[in-house]
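# Architecture and fold: a report
What follows is the residue order along each chain.
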Protein chains: 2
Amino acid sequence: MEHPAAATPETGPAAVARAAAEADDAYRRGALDLLGVIAYGALAAFDRLSEDARLAPTLPDKLHMARMAARQVSHVDQVRDRLAQFDLDVVVAMRPFHEAFNGFHDHTRPKDWLEGLVKAYVGDGIAADFYREVAAFVDADTRALVHEVLADEVPGEGASGEGVPVEGGHADFVVARIRDAIAADARVAGRLALWSRRLVGEALSQAHRVAAEREALTSLLTGTVDRPGRDLAAVSRLFSRLTENHTRRMAALGLQA
Amino acid sequence: MEHPAAATPETGPAAVARAAAEADDAYRRGALDLLGVIAYGALAAFDRLSEDARLAPTLPDKLHMARMAARQVSHVDQVRDRLAQFDLDVVVAMRPFHEAFNGFHDHTRPKDWLEGLVKAYVGDGIAADFYREVAAFVDADTRALVHEVLADEVPGEGASGEGVPVEGGHADFVVARIRDAIAADARVAGRLALWSRRLVGEALSQAHRVAAEREALTSLLTGTVDRPGRDLAAVSRLFSRLTENHTRRMAALGLQA
């Protein structure tokens, strides 16, 4: 359908309505991209955690990692159910993000159990922080789902049977094991700090790739003319927050960021 | 504690009570062994299915395998909850079965996606049949749990949202993919039939090892003086049933047993 005035700026009520519809559509695409990236991130995390489970030095460690891996699959299914409400197949929604995640994982293959643990902690921490920031700009239902998925729990490990939040579950698990390993051999700290810096570098490089390719996702953060997002100064403060949180996590592990 | 008459058969009421208590204890140990073998089998299956997920040729296939792997973790947790009622840690209950399962998996590493699918179908089929047979001789609650764990479902794949039983879910998934592969290249059938025979041979060899080492488990089937089980003819009929079911599954795949 062509509009006679398409080449010049439009100002009438129809043009305003059309611009609003386009903005809504862009907004919706951004939310769907957010769900797609979370789903594929969870599936890739399943792959990684199940590989970590294989490297686990003890059976309880293996079981813990297997549980964490299984949780990722339920995250994919939660997102799938939400996407179905938009008539979007989760497989289709995930597709744009294969390359970035696979690139990240191919370039950061843990050599051993400890590197796997640090990777899960550092990588998932940054990703979760980022998703939470982006989720501030999507509709309330999508935002609630994102927070639900990220408020990760390890079911059955708590005395209450209610599950333990990851901050007191998987994160504590990783912190305890890394600290024990450093206590047993101080040289481990240097190696793992180096490894973390590589992980962060690779994660940011892939994040930039996604940002460049998925304008809908990026514009959730930066905003559009019709819909306020964050100005560039605010985006740069966001990256400062990500870095601060990362530094805090590294300190918890007993590592220098 | 020594009994003066320990060297000769006892006949008094105290002796009968003692024999009954010992039989109860043996019976209980058999049930715990059954739960332990199921739990470790599920954890080993998680390992295998998550590796299969990595080999999956498409994203929907990968998601399906990841879901199957995640289900295995929930099986371990169901068994763990039951064992906790007997004050037995699932890690302790699983320990006697590491060697047999690890031996089986080490000796039957799938070379590709199709071999992985056949392994899951053939191996889990025989194991599930066997667990069901043994479960006939344990207490009702344990039996109910075993049947619940084996009545495997793929949640979220059914239109009803109630989940699809594996016979209409994972089994159908495997059958469809193997039949498609044979349709595309008839030589696949010969290779996979050979592979299945190797799987069954290795499974039976490891099953004999477990039977020899875990008397409590075996005596559930064969019975003891105080508790009727099956006579040897019945046990041999059991193995015939396992073989018949296996042959039926092979036929479903389009393979010669």
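Residues numbered from 1 in each chain as written. Chains lettered and ligands numbered in written order. Predicted model: local features only at pLDDT ≥ 70, side-chain atom pairs only at ≥ 80, totals over all residues. Heavy atoms only, no water.

## As for the overall build of chain A
Worth spelling out the cut-off: Put simply, DSSP H or I for four residues or longer makes a helix, DSSP E for two residues or longer makes a strand, and each gets a number counted from the N terminus. Between buried and exposed lies partly exposed: a residue is buried under 20% and exposed over 50% of the maximum accessible area for its type, with that area taken using a 1.4 Å probe on protein chains only. Any two residues whose heavy atoms approach within 4.5 Å are treated as being in contact. Each accessible area is a Shrake-Rupley estimate made with a 1.4 Å probe; only the visible protein chains count as cover when residues are assessed.
Secondary structure assignment for chain A yields 10 helices and 2 strands. For chain A, with 257 residues in total, the buried portion stands at 49%. When contacts within chain A are restricted to residue pairs at least 6 apart in sequence, long-range pairs at least 24 apart make up 75% of them. By element, 56% of the accessible surface of chain A is carried by carbon and sulfur atoms, the whole surface being about 12400 Å².

## Topic: the relation of the copies chain A and chain B
The second copy of the chain is related to the first by a rotation about an axis and a shift along the axis. Convention followed: Each copy is superposed on the other by least squares, with the fit set by C-alpha atoms of residues at a pLDDT of at least 70 in both.
The transform that puts chain A on chain B rotates by 180 degrees and translates by 0.0 Å along the axis, for an RMSD of 0.1 Å. In the structure described here, the two chain copies are related by an operation that fits a two-fold rotation axis. Relative to the rotation axis, the closest C-alpha in chain A is found at A:A70, a distance of 2.1 Å. When the interface residues of chain A are mapped onto chain B, 100% of them again lie at the interface, so the same face is used by both copies.

## Quick look at unusual backbone geometry
One non-glycine residue, A:D87, lies in positive phi territory at about 60 degrees. Residue placement: A:D87 occurs in the loop between helix 2 (59-85) and helix 3 (90-94).

## Overview of the confidence of the model for chain A
All names here are of chain A. Rules: As a per-residue measure, pLDDT reflects the predictor's confidence and takes values from 0 up to 100.
Per-residue pLDDT for chain A has a mean of 84; in total, 86% of the residues score no lower than 70. Scored below 50 in pLDDT, residues 153-168 makes 30 contacts in the model with residues more than four places away or belonging to other chains. The ipTM for the predicted assembly is 0.79, set against a pTM of 0.82.

## Some remarks on the packing of aromatic side chains
All names here are of chain B. Rules: Here the aromatic set is Phe, Tyr and Trp, taking the six-membered ring for Trp, and pairing holds for ring centres within 6.5 Å; pairs whose planes are under 30 degrees apart are stacked, those over 60 apart are edge-to-face, and all others are tilted.
According to the stated counting rule, one finds 4 aromatic pairs over all chains in the structure shown. Ring plane angle 85 degrees and centroid distance 6.4 Å describe the contact between W113 and F173, whose orientation is recorded as edge-to-face. Pair noted here: W113 is in helix 5 (residues 113-135) and F173 is in helix 7 (residues 170-184), with a separation of 60 residues, a long-range link. For W113, a relative accessible area of 11% gives the class buried.

## Digging into the interface of chain A and chain B
Convention followed: Buried area, as used here, totals the accessible surface that two parts lose on assembly, with accessibility defined by a 1.4 Å probe and the loss added over both. For this document, the term salt bridge refers to a Lys or Arg side-chain nitrogen within 4 Å of an Asp or Glu carboxyl oxygen. Counted as a polar contact is a pair of N or O atoms within 3.5 Å, where, for protein atoms, one must be capable of donating a hydrogen and the other of accepting one, and residues adjacent in sequence contribute only when both atoms are in side chains. In this count, Pro and Cys sit with the nonpolar residues alongside Ala, Val, Leu, Ile, Met, Phe, Trp and Tyr, while Asp, Glu, Lys and Arg are called charged and the others, Gly among them, polar.
Of the residues lining the interface, 25 residues belong to chain A; the matching set on chain B comes to 25 residues. By the criterion of area lost to chain B, the three top residues of chain A are A:R54, A:L59 and A:L63, representing 26% of everything that side buries. For the pair chain A and chain B, the interface holds 8 salt bridges. Residues B:R67 and A:D77 are paired through a salt bridge, measuring 2.7 Å at the closest nitrogen-oxygen approach. In this assembly, chain A and chain B are joined by 8 residue pairs in polar contact (both at pLDDT 80 or more). Secondary-structure elements contributing two or more residues to the side of chain A that touches chain B are helix 1 (13-55), helix 2 and helix 3 of chain A. Broken down by class, the residue content of the side of chain A that touches chain B amounts to 15 nonpolar, 3 polar and 7 charged.

## So, helix 9 (residues 215-222) of chain B
In an α-helix, one full turn covers 3.6 residues, which means residues spaced three or four apart are oriented alike. Regarding helix 9 of chain B, the residues found buried are B:A216, B:L217, B:S219, B:L220 and B:L221. Phi turns positive, to about 80 degrees, at B:G223, one or two residues after helix 9 of chain B.

## Focus: the environment of A:L114
Residues and elements named next belong to chain A. Tracing the backbone through its elements, the reader meets L114 in helix 5 (residues 113-135). Given a relative accessible area of 14%, L114 falls into the buried group. Separated by 67 residues in the primary sequence, L114 and A181 place their C-alpha atoms 8.2 Å from one another.

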